[in-house]
Every structure is written in C-alpha cells, then in structure tokens.
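# Residue-level structure breakdown
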Amino acid sequence: MKNNRNKIGILYVIGQSEYIGGAEKESLYIINNLDRRKFRPTVILPKHGPVEKLFRASHIHVKVIGQSRSKIFKKTVSELIIAYKINIIHLVTLREFEFKVAAAARINRIPCVWHMHFVYKNVYPHTSNIQLKRILACVCLLSEKVIACSNYVRRQFEELGLGDKVVTILNGVDFGFLKNSSDLQRKKLRKKLGIKANDFFVTMAGRFLPQKRHADFIDAAKIVNRAFPDVKFIAEGSFADKRYLSQLLERAEGRIVINGFKKNISSLINAADLIVMPSIGEGFGLAVLEAMSCAKAVVAVRSGGIPEIVTDKTAILVSPKAPEKMAAAIIKLARNRNMAGKFGKQGRKRSEKLFDIKLAVKRLQELYLEIYRDSFYFRRRKSCFAGE
C-alpha cells in the first residue's frame, strides 16, 4: 500500500458536535495512532462545534455534512463514499445520524463497524426490553462487527441473544496526548487555582449530567471539609444543561469550584492529588484510565466498566450513591499521601501494560483488514485482477 489510492479508507461517523465526551476522545486517540501507511481516516459530523475543533487541531480530515431529508442525505453520503474512496464505515455513537449513514452504507455495499461506548438502558432508562432488543438488533443487522468498549457494554447484547457479532476491545489512552506536567507547571496551575502547596487537591472531570453524580462529589466534599478544610475540590467538565448546573452551584454553596471544560484536561489531572469518579453505569470510565495514566490515585464507584480498569492497588472502589463512603475513602488517602502516591504509580504501570491505545488500535486494525478482505469491493477488485 505505497500510495494513497491503495490505502483503506475509513469513515468515522460521530453523531453530535456539541460536546467532547469519552467516545469522541477515544476516537481521537484511535485515529491519531492508525497506521497511515495502510489506512486513510476521514471524520464526518452533523454540525460545526467543539468536536470538529478537537479533530482539526490534530490535523485530521473532517467533513461537516449536516442532516438533510432522508433521500438527499443518502445521496450526500453516497457521493462522499465515492469521493473519499471509503471502504469501511466506523460508527462512533448511537444517534439518528449514525443510523442514516449506516442505511446509506448498506445501499453502497460498504461494511460498517459500530463502536458501542455505553449501556443503552443506563442512558435511556424508560426503554422497554422489546424496544431495546429492536434497537440493538438493528445495530447488529447494519454492522459486520459491533465493538464493545468493555465486557460490561458487551453483556447488554449477550443477555438478549445478540452477542455473535460483538467483540470487546477495551479503550486505551494516548500517552503522547496525556503529557505529564513538570513540577513547575504543576505548581503554577495549583497557584492559579488557589491551591496551596500543602493542600490535598481532589478533582472530578466529566460532562455535567445527572448520571455523572456530581451531587455525590459535592456532598462528599462537604463531609470531608468539616474535618479537613485543607482538602480542596474542583469539578470540571462541559456544560450540557444550564438548569442542572445551577442546581449544582446552589448545592456546592461556594465551597467547591465548578469550571467549564478545558482543552488540556491532563494539566488539571496532573495538578491534582486524587481523581474521584462517582458516575454510575459508565460504559468504560475513560476519566479513571486517564487519571491512572497520569499516575494519580482514584476513588470511584463499583459500577459499570470501572471494575475492569482498576485493582485494589490502584483505586478505592465504593458503593454507588454513597457520598459518606466516598468521603471516607478521600479522607483515608488525604491522611496517607504515601498510599495515594503508591496507587498512582501502580495505576501508571497498569495503564501502560494493559491500556496503551496502541494495543487497542492493533486489534482494531486487524478487524478492519478482516472486514475489508470479506467486503464486496475487495472481492470484486480481486476478481478483476484475476481476469487480467
């Protein structure tokens, strides 16, 4: 595959452009680490926004195509498939945009892989079991393979008898993207945030949504600060719902700092002493893995895909919806900073061994090649060469 024409064209389809979540960040890590001698990535989005800027900042080819009526949209996608010589479509989220692209791909005989980053009923709890089976069956029908980011995500398919096409490829982190700050940079950021040298700094990074359980983080912080006022708390993430945000600010009573999303979230993680993750039913928990990769101790809930990432040597896991237990875990590490340091070091070792993005990309590329070699266009091309 010496020239661009012979590379396998991969079209990454992301159904929203407004905020940067774990699925979007993981897609960035994947594309940045693809073997460009073999693969040619393109990203399509429905709108302009922060997600577009994230990918363009890494010099990734992005096309914004909007969401027109069904027939026009299918024509737009078909023309794009031809223009960019797309061989495989990689669907990243689970919105109308992806389903419409998958339908257009089927017409053009282009194979799809669907990357599942969440458990559907956790996000849409009022979905009936019949509706759930129809939706997940449709995902399987439109895909050559379904990629689950954790075994926890995979089980939702297996429990409905839909596991045949599903493979687990655990998320990874890009250590080049998550650069460790120098001591000087760390001190500067802590000073800017009003964190003193001897303060124990606890942070939570994640989009501001009810299922992320920021309220538990705030309540745990209040409990901790009654006995340990030198433990400082900051929650940071993208704002999705202003009403929810105002409720959190009222609950925090000015004691916990709540900030909008910063592009270089690794700087905040590196400045912290402990990362807390109270979120329930996370498909994977990329924020936990990013914390471990930055050699930080973690306190999280025993829920979702998080237990697949951590061990008792890298994190303290507590029951969901239990801020008092979370507070006790934070106090334990604030009192024993050597333990927190050991957790961080073990977390870094574990993430390097098991969760380097290069491991995930290696498996994904093998899957792409397997799908491509079974595809209609590859077989047709092979027969043409055989007839020469």
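Nothing here was measured: the structure is a model prediction, and the numbers come from that model. (Residues numbered from 1 in each chain as written. Predicted model: local features only at pLDDT ≥ 70, side-chain atom pairs only at ≥ 80, totals over all residues. Heavy atoms only, no water.)

### Brief notes about the overall build of the protein chain
Where we set the bar: In this text, helices come from DSSP runs of H or I with a minimum length of four residues, and strands from runs of E with a minimum of two, each type numbered from the N-terminal end. The atom set for the radius of gyration is the C-alpha atoms, and the globule formula is 2.2 Å times the number of residues raised to the power 0.38. Residue burial is assigned from relative accessible area. The probe radius is 1.4 Å, only protein chains are included, and a residue is buried under 20% of its type maximum, exposed over 50%, and partly exposed in between. Here, residues are in contact when the closest pair of their heavy atoms is within 4.5 Å. Accessible surface area values rest on a Shrake-Rupley calculation with a 1.4 Å probe, where residue burial reflects the displayed protein chains alone.
Within the protein chain one finds 16 helices and 13 strands. Computed over C-alpha atoms, the radius of gyration of the protein chain comes to 22 Å, within 12% of the 21 Å expected from 2.2 N^0.38 for 388 residues, which places it in the range of a compact globule. Here the C-alpha coordinates of the protein chain stretch approximately 80 × 45 × 35 Å along the principal axes. Taking all 388 residues of the protein chain together, 55% fall into the buried category. Of all intrachain contacts in the protein chain linking residues separated by at least 6 positions in sequence, the fraction that spans at least 24 positions is 69%. For the protein chain, the exposed area adds up to about 18700 Å²; of that, 51% sits on carbon and sulfur atoms.

### Details of the pattern of salt bridges
We count it as follows: The salt bridge criterion pairs a side-chain nitrogen of Lys or Arg with a carboxyl oxygen of Asp or Glu, the two atoms within 4 Å.
As enumerated under the stated definition, the model contains 13 salt bridges in all. One salt bridge connects arginine 190 with aspartate 273, and the closest N-O pair in it is separated by 3.2 Å. Note that arginine 190 is positioned in helix α8 (residues 183-192) and aspartate 273 in the loop between α11 (265-271) and β11 (274-277), a separation of 83 residues in sequence. Overall, arginine 190 belongs to the buried group, its relative accessible area being 5%.

### As for the sheet that holds strand β1 (residues 8-13)
Put simply, the rule reads: What makes two strands pair is DSSP finding at least two bridges between them. Only the contacting stretch of a helix is used when fitting its axis, a line to C-alpha atoms as for every element, and angles between N-to-C directions run 0 to 180 degrees.
Taken together, seven strands build an open sheet; the order of strands is β3-β2-β1-β4-β5-β6-β7 and the sheet is parallel. Where the open sheet ends on each side, the last strands, each with one partner, are β3 (62-64) and β7 (166-168). Averaged over all neighbouring strand pairs, the angle between strand axes comes to 25 degrees, with direction disregarded. Bridge analysis of strand β4 (residues 86-91) against strand β5 (residues 112-116) gives three bridges, and the strand direction is parallel. For histidine 90, the partnering residue across the bridge sits in β5 and is valine 113. Most of the contacts of helix α15 (residues 357-373) go to β4, to which it runs at about 130 degrees, and overall it touches β1, β2 (39-45), β4, β5, β6 (145-148) and β7.

### Observations regarding the pairing of β1
Applicable threshold: Handedness rule for crossovers: strands pointing away from the viewer, path from the first strand over the helix to the second running clockwise, crossover right-handed.
Counted residue by residue, β1 has six buried out of six residues, so it is predominantly covered. Along β1, one buried face is formed by Ile8, Ile10 and Tyr12 and the opposite face, lined by Gly9, Leu11 and Val13, is buried too. In the sheet, β1 pairs with β2 via six bridges, with the strands oriented parallel. For leucine 11, the partnering residue across the bridge sits in β2 and is threonine 42. Crossover handedness for the path β1 to helix α1 (residues 22-32) to β2: right-handed. Bridging between β1 and β4 involves five bridges; their strand directions are parallel. Paired with glycine 9 across the two strands is isoleucine 86, which belongs to β4.

### Some points on unusual backbone geometry
Even without glycine at this site, lysine 85 takes up a positive phi of about 50 degrees. Structurally, the position occupied by lysine 85 is in the loop between α3 (70-83) and β4. Since its relative accessible area comes to 44%, lysine 85 is described here as partly exposed. Backbone geometry places lysine 321, a non-glycine residue, at a positive phi of 55 degrees. With respect to the element layout, lysine 321 can be found in the loop between β13 (315-318) and α13 (323-335). The exposed category is assigned to lysine 321, whose relative accessible area is 56%.

### Digging into the packing of helix α12 (residues 286-293) against helix α14 (residues 337-354)
In plain terms, the rule: Throughout this description, any angle smaller than 35 degrees is read as roughly parallel, any larger than 145 degrees as roughly antiparallel, any in the 65 to 115 degree range as roughly perpendicular, and the remainder as oblique.
Running from amino to carboxyl end, α12 crosses α14 at an angle of 110 degrees, the nearest separation of the two axes being 7 Å. By the angle class used here, α12 and α14 are roughly perpendicular. Of the residues in α14, those in contact with Leu289, Met292 and Ser293 of α12 are Gly344, Gly347, Arg348, Arg350 and Ser351.

### Things to note about the packing of helix α9 (residues 214-227) against α13
Defined as follows: Left-handed is the label given to a crossing in which the near helix is rotated counterclockwise from the far helix by less than a right angle, and right-handed is the label when the rotation is clockwise.
At their nearest, the axes of α9 and α13 sit 8 Å apart, and the two run at 55 degrees to each other. In terms of their interaxial angle, α9 and α13 are classed as oblique. Every pair of crossing elements has a handedness; the one defined by α9 and α13 is right-handed. Here α9 contributes Asp216, Asp219, Ala220, Ile223 and Val224 to the contact with α13, which in turn contributes Pro323, Glu324, Met326, Ala327, Ile330 and Ile331.

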